[in-house]
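Analysis of the macromolecular model
Listed below are the residues making up each chain.
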Amino acid sequence: MTQTEQIPAEAVIHNACILDGDRVTFTEGTADTWIAVAEGTVTARGRGDGWKDGAASARGEVIDAAGGYVAPAFVDIHCHGAGGASAEDRSEGIDAILDVHWAHGTGRLALSYVSDTIEGLCESLRAGAGLVRERAMVMGLHAEGPFLSPDFKGAHAPEVLTSPTPEAIEAILEAADGTLSQITIAPELPGALDAIGRFSAAGVRVAVGHTAADYALAVQAFEAGASILTHAFNAMPGIHHRAPGPVLAAAEAEHVTVELINDGVHVVAPVARMLHELVPGRIALVTDAMAATGLHDGSYHLGSLPVEVKDSVARLVTADGTQGAIAGSTLTMDEAVKRAVAEVGLSPFDAVQSAGFVPLRAVGGVPEPGDSLQAAGSAAGAGSLLAPGMPADLLLLDEDMSIRASSLGD
């Protein structure tokens, strides 16, 4: 863009570091970039002060980022609820869920359902399919079960866990009607590898999770078409020097995206740091958030199971009063990103990529790396979510990654 060209702009953010685009062209810590938005769309972006002469309207808002960051709105591909509501509450609870996560920087999410009977899951998927079509923020549905291991069930009701059958698979696909973005499966179950192939062929991303699978079987699952690891380290065997388990199988399968619940409870910082070193560019930060997210400590439910939240940590309530399994989380994406930088040691660029482009790519929401999302010649680079012509779903972040403002293009 030359300085004489005009930029349609209702708002220009300058003196910013834009955490979006190609790693090859991105320079960490550079705060001389700017981005212009109008009518909910990114209209231009660049470096230096070319926006001053190019802005089409003197009435547009000019925002000095003061060396802060501009990032795409976050994407959460594993979210059960918030604000006292769960995905299973259907349209009655959707506003509460979306309001909480929107306030914490999430622009798009997948509604995740805990294990249920096949009939119950199909009912939820039919209702969820309507929400995908009605609400732009709901990008798809995630069935976390019921094809899970009873030995690694976590906070899933054991009585509904089952093995996949051809009839069940077809019923799920029909109920979701093209809106099922992800399904979690334990590959050791009878019929599981065939199920992975069928779901993958239907365009559903299959995740390995809640599983007793060893390394060799996890490798088979990823070769059969599975492409996500559900909340790494949780509800699966860990890494042992003679039994590497599904985490290292996922690390060696370069097409696999690895979910991480980065709340410091599900996975502590040194292990999260090791995971980042194992799978650079393939971590998808997720919340696994349940109904208590955005609320206070107290008694809640995850599916049919009672949950007690204490010090913001959700655990199942057991019959004998002992401490139960972790039951989802009360994490929000902004907190996951802040922890990724402050505690795990990711760069701001990598943390934001893990909260946006990587999870979106994992469920087929953007092209693979190297495929351009915008017209040839755009300065934003391949893999950009804030290229000219893209929706201006963005966040203005302070240097500590806190959200200063959001959705400036609306």
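Residues numbered from 1 in each chain as written. Predicted model: local features only at pLDDT ≥ 70, side-chain atom pairs only at ≥ 80, totals over all residues. Heavy atoms only, no water.

What counts here: UniProt positions are given in the numbering used here, feature names are shortened, and annotations may be inferred rather than shown by experiment.
Looking at an unreviewed UniProt entry, one finds the protein named N-acetylglucosamine-6-phosphate deacetylase and attributed to Brevibacterium sediminis. Listed under Sequence similarities (unreviewed entry) in UniProt, the entry text for the protein is "Belongs to the metallo-dependent hydrolases superfamily. NagA family."

Looking at the side chain of Thr184
In plain terms, the rule: Strands here mean DSSP runs of E at least two residues long; helices mean DSSP runs of H or I at least four residues long; both are numbered from the N terminus. The term polar contact refers here to a pair of N or O atoms within 3.5 Å; inside protein, the definition further demands a hydrogen-donor-capable atom paired with an acceptor-capable atom, and it admits residues adjacent in sequence only when both atoms are side-chain atoms. Contacts are residue-level and defined by heavy atoms, with any inter-residue pair within 4.5 Å sufficient.
Secondary-structure assignment places Thr184 in strand S11 (residues 180–185). Within the structure, Thr184 has its side chain in polar contact with the side chain of Thr230 (distance 2.9 Å). For Thr184, the contacting residues outside a window of four places in its chain are His142, Ala143, Glu144, Gly145, Phe147, Leu148, Ala207, Val208, Gly209 and Thr230.

Some points on the nonpolar core
Taken as a class, soluble globular proteins show a tendency for nonpolar side chains to be buried jointly. The condition is simple: Buried Ala, Val, Leu, Ile, Met, Phe, Trp, Tyr and Cys residues that are joined via side-chain atoms within 4.5 Å together make up what is termed a nonpolar core. Only protein chains enter the area calculation, which uses a 1.4 Å probe; residues under 20% of their type maximum are buried, those over 50% are exposed, and those in between are partly exposed.
One finds Leu111, Leu180, Phe199 and Phe222 to be the most contacted residues of the largest nonpolar core, which totals 94 residues. With residues near it in sequence (within four places) discarded, Leu180 still touches Leu125, Leu141, His142, Ala143, Ile172, Phe199 and Val204.

Details of the side chain of His276
Here His276 is to be found in helix H8 (residues 269–278). With a relative accessible area of 18%, His276 lands in the buried category. Look past the residues within four positions of His276 in its chain and what remains in contact with it is Ile283, Leu346 and Asp350.

Focus: the pattern of salt bridges
Keep this limit in mind: For salt bridges, the criterion is a side-chain nitrogen of Lys or Arg within 4 Å of an Asp or Glu carboxyl oxygen.
Across all of its chains, the model carries eight salt bridges by this definition. The residue Arg135 makes a salt bridge to Asp95 at a minimum N-O spacing of 2.7 Å. Of this pair, Arg135 sits in the loop between helix H3 (118–134) and strand S10 (138–144) while Asp95 is found in helix H2 (residues 94–103), placing the two residues 40 residues apart along the sequence. Since its relative accessible area comes to 26%, Arg135 is described here as partly exposed. Put simply, Arg404 and Asp398 hold a salt bridge, and the shortest N to O gap is 2.7 Å. The exposure class of Arg404 is partly exposed, given its relative accessible area of 37%. A network of salt bridges, in which partner residues are shared, links Glu335, Arg339 and Glu343.

Quick word on the sheet that holds strand S16 (residues 298–302)
Threshold: Criterion used throughout: strands pair if DSSP finds at least two bridges between them. What counts as an axis is a line fitted to C-alpha atoms, over the stretch in contact for a helix, and the angles between N-to-C directions run from 0 to 180 degrees.
Spatially, S16-S17-S18-S19 is the arrangement adopted by the four strands of the open sheet, whose pairing is antiparallel. The open sheet is flanked by S16 and strand S19 (323–326), the only strands paired with a single partner. On average, adjacent strands in this sheet sit at an angle of 45° to one another, irrespective of strand direction. In this structure, S16 lies alongside strand S17 (residues 305–310), joined through five bridges in antiparallel fashion. Paired with Ser299 across the bridge in S17 is Glu308.

A look at the pairing of S11
Which entries qualify depends on this criterion: Note on handedness: a crossover is taken as right-handed if, strands pointing away from the viewer, the path from the first strand over the helix to the second is clockwise.
For S11, the tally of buried residues reaches six of six residues, placing the bulk of the element in the interior. Summarising the sheet, S10 and S11 pair through four bridges and their orientation is parallel. Residue pairing for S11: Leu141 is matched across the bridge by Leu180. Between the parallel elements S10 and S11, the chain passes through helix H4 (residues 166–176) in a crossover that is right-handed. In the sheet, S11 pairs with strand S12 (residues 205–208) via four bridges, with the strands oriented parallel. Residue pairing for S12: Ile183 is matched across the bridge by Val206.

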